[in-house]
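Structural overview
The chain contents come next:
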Amino acid sequence: MDRKAELKNVTLMIRQPHYDLGWFQGDFGDSFNVVLDTQAGIGSKALNEGRVDYIPFLTSLRFKDEHSSLRKMKGIDVVMLVVSPPDNDGFCSFGLYLSHKRDYAKRAKKVLAEVSGVPSMRVHMPGDNRIHVSEIDFFVEHVPASHKEESPKIPGETEKRIAEHVSTLIHDGDTLQLGPGLVTSSLIPLGAFDNKNDLGIHSPIINKGLLDLVRRGIINGKYKNVNTNRSVSGGFRGIRKTEDIDFIDGNQHFEVRDMTYVNDVQVIASHENMTAINSVLAVDLSGRLPLIPWENGCSAEQEAR
């Protein structure tokens with residue numbers, strides 16, 4: 001940012017931002033082109049005011065252009081990641097949430113890694129959630145940014161009615177995918193999966209509620225015909241308590257995979273009794289998003305609609 005006067009035509013892609021380090025404040029001319037990727041988060045206001053750009057895509061097809069003879073994908077020059085310190089074999093963990101991090105690292109010309117020693121970064125489990133020091137060009141120390149925790153939203157009568165209805169649609173042995181949002185996150189505390197048995201997980205994220213169902217034995221993956229006995233995801237979100245991190249770390253039941261695998265249509269279709277529960281966000285015909293509901297607030301009726 002300090003060097004903007006000497007830099008030209010730099011495209012900065014930010015994935016689901018939680019902090020504004022100045023990228024959403026104004027016009028950078030021909031110095032920077034700021035692009036939001038996947039979810040706008042706190043950048044939604046800048047997006048709707050035209051100060052930043054946005055790339056919508058299906059997560060499983062993020063790198064489809066690489067295999068297309070019709071389009072030439074622009075290469076990634078530098079990727080910046082946060083990793084754990086290396087273990088005795090030289091592998092660094094990506095922490096609780098993987099998403100596309102390893103995919104970007106494999107494709108970038110230079111990999112910059114911030115090394116963080118916080119407990120949530122040191123988790124190890126089966127899957128793709130690690131990178132070797134030989135694949136990283138430069139290391140720097142990670143300095144965590146402070147941020148205010150959001151107060152949890154309280155489910156209302158609408159969420160309770162939805163949970164009661166969802167409970168009738170879930171059967172023993174089903175494999176679950178749960179998306180983000182108040183409605184889906186309310187299903188577990190409201191008892192939608194109580195009295196169910198031998199459920200499985202194949203989902204982009206595992207939240208605190210799903211983790212609790214694993215602890216209670218309701219989710220065990222026993223009848224999954226793909227990755228049997230394992231809960232497969234792109235990572236964990238909303239997990240902060242030490243006892244939860246300790247439960248995940250080294251637990252062979254959890255398998256964290258690249259999102260290109262988790263959301264691959266063929267992989268999903270290979271599951272028997274797959275049940276996906278998601279909220280829907282409005283998109284107009286030009287592809288522009290409205291203000292992001294989870295930042296600006298919306299009712300459960302709006303979210304469900």
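Right above here is the structure, for reference.
The notes below deal with the structure included here. (Residues numbered from 1 in each chain as written. Predicted model: local features only at pLDDT ≥ 70, side-chain atom pairs only at ≥ 80, totals over all residues. Heavy atoms only, no water.)

With respect to unusual backbone geometry
How we decide: Each helix corresponds to a stretch of at least 4 residues labelled H or I by DSSP, and each strand to a stretch of at least 2 residues labelled E; elements are numbered beginning at the N terminus. Whether a residue is buried, partly exposed or exposed follows from its accessible area with a 1.4 Å probe, protein chains only, as a fraction of its type maximum: under 20%, in between, or over 50%, in that order.
Despite not being glycine, Asp 198 has its phi angle at roughly 55°, a positive value. With respect to the secondary-structure elements, Asp 198 resides in the loop between helix H4 (182-187) and strand S10 (200-203). Backbone geometry places Asn 229, a non-glycine residue, at a positive phi of 70°. Tracing the backbone shows Asn 229 in the loop between helix H5 (208-215) and strand S11 (231-233). Taking relative accessible area as the criterion, Asn 229 reaches 44% and is therefore assigned partly exposed.

Focus on the packing of aromatic side chains
Here is the rule we go by: By convention, a stacked pair of Phe, Tyr or Trp rings (six-membered ring in the case of Trp) has centres within 6.5 Å and planes under 30 degrees apart, an edge-to-face pair has planes over 60 apart, and any other such pair is tilted. Here, over-ring charges are defined by two tests on the NZ atom of lysine or the CZ atom of arginine: distance to the ring centre within 6 Å, and angle to the ring normal within 35 degrees.
Taken as a whole and judged by the stated rule, the model has 5 aromatic pairs. Taken together, a centroid distance of 6.0 Å and an interplanar angle of 80° make the contact between Phe 247 and Phe 254 edge-to-face. Take Phe 247: its relative accessible area is 26%, and that puts it in the partly exposed class. The class of Phe 254 is buried, set by a relative accessible area of 0%. Following the ring pairs from residue to residue traces out a cluster consisting of Trp 23, Phe 28 and Phe 32. The ring of Tyr 97 is capped by Arg 237, whose NZ or CZ atom sits 4.5 Å from the centre of that ring. When the ring centre of Tyr 261 is taken as origin, the NZ or CZ atom of Arg 257, which lies over that ring, is 3.8 Å away.

Quick word on the pairing of strand S6 (residues 108-115)
Note the threshold: Two strands form a pair only when DSSP identifies at least two bridges running between them.
Alignment of strand S4 (residues 76-83) against S6, held across 7 bridges, turns out to be parallel. Bridge pairing links Val 79 to Val 111 in S6.

With respect to H5
The test is simple: Between two residues, a contact is recorded if the distance between any of their heavy atoms is within 4.5 Å. Two N or O atoms count as a polar contact when they lie within 3.5 Å, although within protein this holds only if one can serve as hydrogen donor and the other as acceptor, and sequence-adjacent residues are included solely when both atoms are side-chain atoms.
Along H5, the residues classified as buried are Gly 209, Leu 210, Leu 211, Leu 213 and Val 214. Taken together, the buried residues of H5 touch strand S9 (175-178), S10, S11, helix H6 (242-248) and strand S12 (254-256). With a side-chain oxygen lying 3.1 Å from the backbone nitrogen of Gly 209, the N-terminal cap of H5 falls on Asn 207. Count one or two residues on from H5 and you reach Gly 217, which has phi positive near 85°.

Thoughts on the environment of Gly 26
If you trace the backbone, Gly 26 turns up in the loop between strand S1 (10-15) and strand S2 (32-37). Linking Gly 26 and Arg 51, residues 25 residues apart in sequence, is a C-alpha distance of 6.4 Å.

A look at the sheet that holds strand S3 (residues 53-55)
As a reminder of what qualifies: The axes are straight lines fitted to the C-alpha atoms, using for helices just the contacting stretch, and the angles between their N-to-C directions are given from 0 to 180°.
One open sheet accounts for 3 strands, arranged S1-S2-S3; its pairing is parallel. Each edge of the sheet is formed by a strand with only one pairing partner; in this case those strands are S1 and S3. Within this sheet the neighbouring strands show an average axis-to-axis angle of 30°, counted without direction. Two elements, S1 and S2, share 6 bridges in a ladder whose sense is parallel. Within S2, the position partnered with Val 10 by the bridge is Phe 32.

What to know about the sheet that holds strand S8 (residues 138-141)
Sheet architecture is open: 3 strands sit in the order S4-S6-S8, paired in parallel fashion. The strands lining the two open edges of the sheet, one partner per strand, are S4 and S8. The average angle at which neighbouring strand axes cross in this sheet is 25°, direction not considered.

Thoughts on the nonpolar core
Stated formally: In plain words, nonpolar cores are sets of buried Ala, Val, Leu, Ile, Met, Phe, Trp, Tyr and Cys residues tied together by side-chain atoms within 4.5 Å.
Counting residues in hydrophobic clusters, the biggest one holds 42 residues, and the most contacted among them are Phe 193, Leu 210, Phe 236, Ile 248 and Phe 254. Breaking this core down by element, the ones donating at least two residues are S4, helix H2 (101-107), S6, helix H3 (157-169), S9, H5, H6 and S12. The residues contacting Phe 254, other than those within four sequence positions of it, are Met 125, Pro 126, Ile 206, Leu 211, Val 214, Ser 231, Phe 236, Phe 247 and Ile 248. Counting residues in hydrophobic clusters, the runner-up holds 11 residues, among them Trp 23, Ala 46, Leu 47 and Val 52.

Overview of the side chain of Asn 251
Tracing the backbone through its elements, the reader meets Asn 251 in the loop between H6 and S12. A distance of 3.2 Å separates a polar side-chain atom of Asn 251 from the backbone oxygen of Phe 247. For Asn 251, the contacting residues outside a window of four places in its chain are His 124, Met 125 and Pro 126.

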